[in-house]
Amino acid sequence: MIKPIDQHSVARRPARRRARFLVAVATAALALMAIGGAMAAASAPSGVVPTILARGTFEPFKVLSYPEAGGLFKAEAKAPIDMVVRRHEYAIGATTGWHAHPYPVFITVISGTVTFYSSDDPTCTPTIVSAGQGYVDSGKGHIGRNESGAPAVDVSVIMAPVGAAFRAELPAPNPYCGF
């Protein structure tokens with residue numbers, strides 16, 4: 001049996017669809033405005049070319065080493081963890097922007113000089129790292145800047161939860177450093 005078409009129901013369908021469409025558009029616009037506002041307050045990288053060399057997942061581990069000449073080293077991951085190896089090429093005057101990581105980051109400068117500032121240092125004291133030297137970032141927040149007048153390159157080992165983001169933008173300017 002074929003049901004007769006209810007003319008009132010048919011007339012309401014386009015209005016409902018239009019209302020749903022307008023709500024969806026308004027929601028998307030608000031979300032984009034919120035993202036744009038957050039991005040405007042963030043400190044974007046400038047003049048740094050990042051390249052991910054590798055990302056691998058490590059099962060939980062606990063290592064303890066005490067070589068006779070090297071001293072004590074301990075590391076532990078109680079759950080699986082990703083390690084990201086990333087290369088950064090810094091142009092003269094480049095900056096990573098203020099950012100944080102979920103866990104510590106081990107940075108080795110392989111050419112040139114990179115200056116790091118910690119986001120929680122009220123004195124804004126720079127840590128200058130030259131080729132062949134390393135810097136351990138706590139993950140709480142920092143910026144890397146090429147203030148040397150020559151190009152620079154570093155390689156970072158970044159730890160993050162499996163599949164998760166390994167960098168989060170922080171607001172700028174930093175209240176302690178003013179940049």
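Here the residue numbering is sequential within each chain, running from 1 through the sequence in written order. With pLDDT at 70 or above as the cut-off, local features in this predicted model cover only qualifying residues; side-chain atom pairs require 80 or more to be listed or tallied, and sums for whole chains, interfaces and linings still use all residues. To get the side-chain values, all heavy atoms of the structure are used, and hydrogens and water are removed first.

K.L.:
Quick question: what am I supposed to make of the state of the cysteines here?
P.N.:
One way to say it: the disulfide is the covalent bond shared by the sulfur atoms of two cysteines. Only a pair of cysteine sulfur atoms within 2.5 Å counts as a disulfide in this structure description. One pass over the full model with this rule turns up one disulfide. Disulfide pairing places cysteine 124 opposite cysteine 177 at an S-S distance of 2.0 Å. Taking the torsion about the S-S bond as the criterion, the cysteine 124 to cysteine 177 disulfide, at about 115 degrees, is right-handed. Here the residue cysteine 124 occupies a position in the loop between strand 7 (113-118) and strand 8 (127-130), and cysteine 177 occupies one in the segment after strand 12 (168-169), the gap between them amounting to 53 residues. Taken individually, cysteine 124 and cysteine 177 each receive the classification buried, so the pair is uniform in this respect. To qualify as a helix, a DSSP run of H or I must reach at least 4 residues; to qualify as a strand, a run of E must reach at least 2; elements of each kind are numbered from the N terminus. Remark: exposure states derive from per-residue accessible area (1.4 Å probe, protein chains only) relative to the maximum for the residue type, with buried under 20%, exposed over 50%, and partly exposed in between.

K.L.:
Explanation requested: the nonpolar core in the structure shown.
P.N.:
Nonpolar side chains in soluble globular proteins tend to be buried together. Formed by 15 residues in total, the largest nonpolar core has its most connected members in Tyr90, Val114 and Phe116. Elements that contribute at least two residues to this core include exactly strand 4 (81-95), strand 6 (105-111), strand 7 and strand 11 (152-161). Contact partners of valine 114, with chain neighbours within four places excluded, come to Tyr90, Val109, Thr127, Ile128, Val129, Gly144, Arg145 and Ala152. Grouped together as the second largest cluster of nonpolar side chains are five residues, Tyr117, Cys124, Ile143 and Cys177 included. By nonpolar core is meant a set of buried Ala, Val, Leu, Ile, Met, Phe, Trp, Tyr and Cys residues that side-chain atoms within 4.5 Å join together. Only heavy atoms matter for contacts: two residues are in contact if any of them lie within 4.5 Å across the pair.

K.L.:
Honestly, the layout of surface pockets in this entry has me stumped. Any pointers?
P.N.:
If a probe the size of a water molecule is rolled over the atoms, the empty space left behind becomes visible. Method remark: on a 1 Å grid restricted to protein atoms, a set of points is classed as a cavity if a 1.4 Å probe fits but cannot get out and as a pocket if it is open with protein on both sides within 12 Å along at least five of seven lines; lining residues have an atom within 4 Å of a point. Grid points are joined across faces, edges and corners, and a volume is the space filled by probe spheres set on the points. When its volume is computed, the largest pocket comes out at roughly 240 Å³. Phe61, Ala75, Glu76, Ile81 and Met159 are the residues nearest the centre of the largest pocket, which is lined by 14 residues in total. Elements represented by at least two residues in the lining of the largest pocket include exactly strand 3 (73-77) and strand 4. Among the elements that take part in the lining of the largest pocket, strand 3 stands out by supplying five residues, more than any other. The residue classification treats Ala, Val, Leu, Ile, Met, Phe, Trp, Tyr, Cys and Pro as nonpolar and Asp, Glu, Lys and Arg as charged. All others, Gly included, are polar. A class-by-class count of the residues in the lining of the largest pocket yields twelve nonpolar, no polar and two charged. For the second largest pocket, the calculated volume is near 170 Å³. Along the wall of the second largest pocket there are 17 residues; nearest its centre are Arg86, His88, Thr96, His99 and Arg167. Among the secondary structure elements, those contributing two or more residues to the lining of the second largest pocket are strand 1 (46-58), strand 4, strand 6 and strand 11. Residues of the lining of the second largest pocket, tallied by class, amount to eight nonpolar, six polar and three charged.

K.L.:
Explain unusual backbone geometry here, please?
P.N.:
Residues other than glycine predominantly adopt negative phi, and peptide bonds predominantly adopt the trans conformation. Of the consecutive residues alanine 172 and proline 173, the connecting peptide bond is found in the cis state with omega at 0 degrees. Structurally, proline 173 can be placed in the segment after strand 12. Even without a glycine there, the phi angle at cysteine 124 is positive, about 50 degrees.

K.L.:
Just checking my understanding: could you explain the packing of aromatic side chains for this structure?
P.N.:
Each Phe, Tyr or Trp ring, with Trp reduced to its six-membered ring, pairs with another whose centre is within 6.5 Å; inter-plane angles below 30 degrees give stacked pairs, above 60 give edge-to-face pairs, and intermediate values give tilted ones. A complete count under the given rule lists three aromatic pairs for this structure. Aromatic pair tryptophan 98 and phenylalanine 179: ring centres 6.0 Å apart, planes at 25 degrees, arrangement stacked. With tryptophan 98 in the loop between strand 4 and strand 5 (99-100) and phenylalanine 179 in the segment after strand 12, this residue pair connects regions lying 81 residues apart in the sequence. According to the relative accessible area criterion, tryptophan 98 is buried, its value standing at 0%. With relative accessibility at 26%, the residue phenylalanine 179 sits in the partly exposed group. Taking the centre distance of 4.4 Å and the plane angle of 10 degrees together, the rings of phenylalanine 116 and tyrosine 135 count as stacked. Taken together, the residues phenylalanine 116 in strand 7 and tyrosine 135 in strand 9 (residues 134-137) connect sequence positions 19 residues apart. Taken as a pair, phenylalanine 116 and tyrosine 135 share a single burial class, namely buried. In textbook terms, an aromatic cluster arises when at least three aromatic residues are bridged by ring pairs, as seen for Trp98, Tyr117 and Phe179. Think of it as a cone above the ring: NZ of Lys or CZ of Arg counts as a charge over the ring if it is within 6 Å of the ring centre and within 35 degrees of the ring normal. Lying across the ring of phenylalanine 179, arginine 145 places its NZ or CZ 3.9 Å from the centre.

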